[in-house]
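# What the coordinates show
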Amino acid sequence: MVTTLGVPQGSCLSNTLFSLLLNDFPDAVGDAEVFMYADDVAAIVAAPTTYELQQRLKLVVQKLEQWFRSKCLALNRDKTCFMSFYLNGTPPPPLTVTAGDAPLEMVQSTKLLGFYLDSSLTWDVHIDELCSRLGRACFALRRLASTASRSVIVSCYHATVHRILTYGAELWARAADVGRVFVMQKRAVRAIVGVSDDVTFPASFDALQSRRRQVKKSEVYEQPRRWLPQSQTKQCGWELMAQP
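Everything quoted here is computed from the prediction, not taken from an experiment.

What counts as what
Residues numbered from 1 in each chain as written. Predicted model: local features only at pLDDT ≥ 70, side-chain atom pairs only at ≥ 80, totals over all residues. Heavy atoms only, no water. Helix = DSSP H or I, 4+ residues; strand = E, 2+ residues; numbered from the N terminus. Buried < 20%, exposed > 50% of the residue type's maximum accessible area, 1.4 Å probe, protein only. Areas by Shrake-Rupley, 256 points an atom, 1.4 Å probe, with all protein chains shown as cover. Pairing = 2+ DSSP bridges. 1 Å grid on protein atoms, 1.4 Å probe; cavity = no way out; pocket = protein on both sides within 12 Å on 5 of 7 lines; lining within 4 Å. Points joined across faces, edges and corners; volume = space filled by probe spheres on them. Nonpolar A, V, L, I, M, F, W, Y, C, P; charged D, E, K, R; others polar. Phe/Tyr/Trp six-rings, centres within 6.5 Å; stacked < 30°, edge-to-face > 60°.

As a further point, take the overall build of the protein chain. Tallying secondary structure elements over the protein chain gives eight helices and 10 strands in all. Going through the 244 residues of the protein chain one by one, you find that 32% of them count as buried. Within the structure as shown, the protein chain displays about 15,100 Å² of accessible surface, and the carbon and sulfur contribution to it stands at 53%.

Below, the structure is given as structure tokens:
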């Protein structure tokens, strides 16, 4: 295959050249605040009224299309959407924004850099996704508990549950429904010990301590505790550390 534009896939120059290509992207969209990470791009537009917001969004999309055409690129309309944020509890009316002849989808939630953002900024969708991922991790830990050593299971805990909980906790740990995440973490501890979900949580830690495992307050939530409301600080999770 002859490449007439760009570089072959997998080339060592791909990342560098791609960064250079996008270098002037924020300047091309002057009516919006642009945030970029690799190939993920988000443009934020603010306006005092719904009508002005719709007009500014249309203008931003037009500038995006012009920039793409100047770089011999094409805007992927299937992966492009927009969302209107509101904090007063009243959803805004539907907006109509088009890219060329095709309308762009207005969504109530979307994924950006691993976070699920919803239009009211309640983090409900993100917590739902966290609980789903933690549930799968707990199932894997419980299956592993019958075949692997305790140190291996604790290592798997850090590679799965711990990693999921620590990513961006400073942002979502103040959500009203954050207690569901801590419940899933307790389920992971029970899975490591090998007890059923109806066993009390302190008893699960006693079982770990009796096997010379060090259990201490979570480094996972030690910082988020400072941002949690006082009523939720007692629900903070724990971290399992294998005793040296």
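The structure having been displayed, the exposition proceeds.
Pairing analysis gives four bridges linking strand β7 (residues 109-112) to strand β8 (residues 115-118), with the strands arranged antiparallel. Bridge pairing links T110 to L117 in β8. In textbook terms, the turn of a hairpin is the stretch between consecutive antiparallel strands, and for β7 and β8 this stretch comprises two residues, one of which, L113, has a positive phi near 55°.

In this structure, the second largest pocket occupies an estimated 390 Å³ of space. Its residues assigned to classes, the lining of the second largest pocket comprises seven nonpolar, two polar and one charged.

We describe a pair of aromatic rings using the distance from one ring centre to the other and the angle between the two ring planes. For the structure on display, the rule yields five aromatic pairs. For the pair W67 and F68, a centre-to-centre distance of 5.4 Å together with 80° between the ring planes defines the contact as edge-to-face. Across the pair, exposure class does not vary: W67 and F68 are buried alike. When the centroid spacing of 6.1 Å and the interplanar angle of 75° are considered together, the rings of F115 and W123 count as edge-to-face. Accessibility assignment for this pair places F115 and W123 in one class, buried. Connected via pairs of aromatic rings, a cluster forms that spans F25, W67 and F68.

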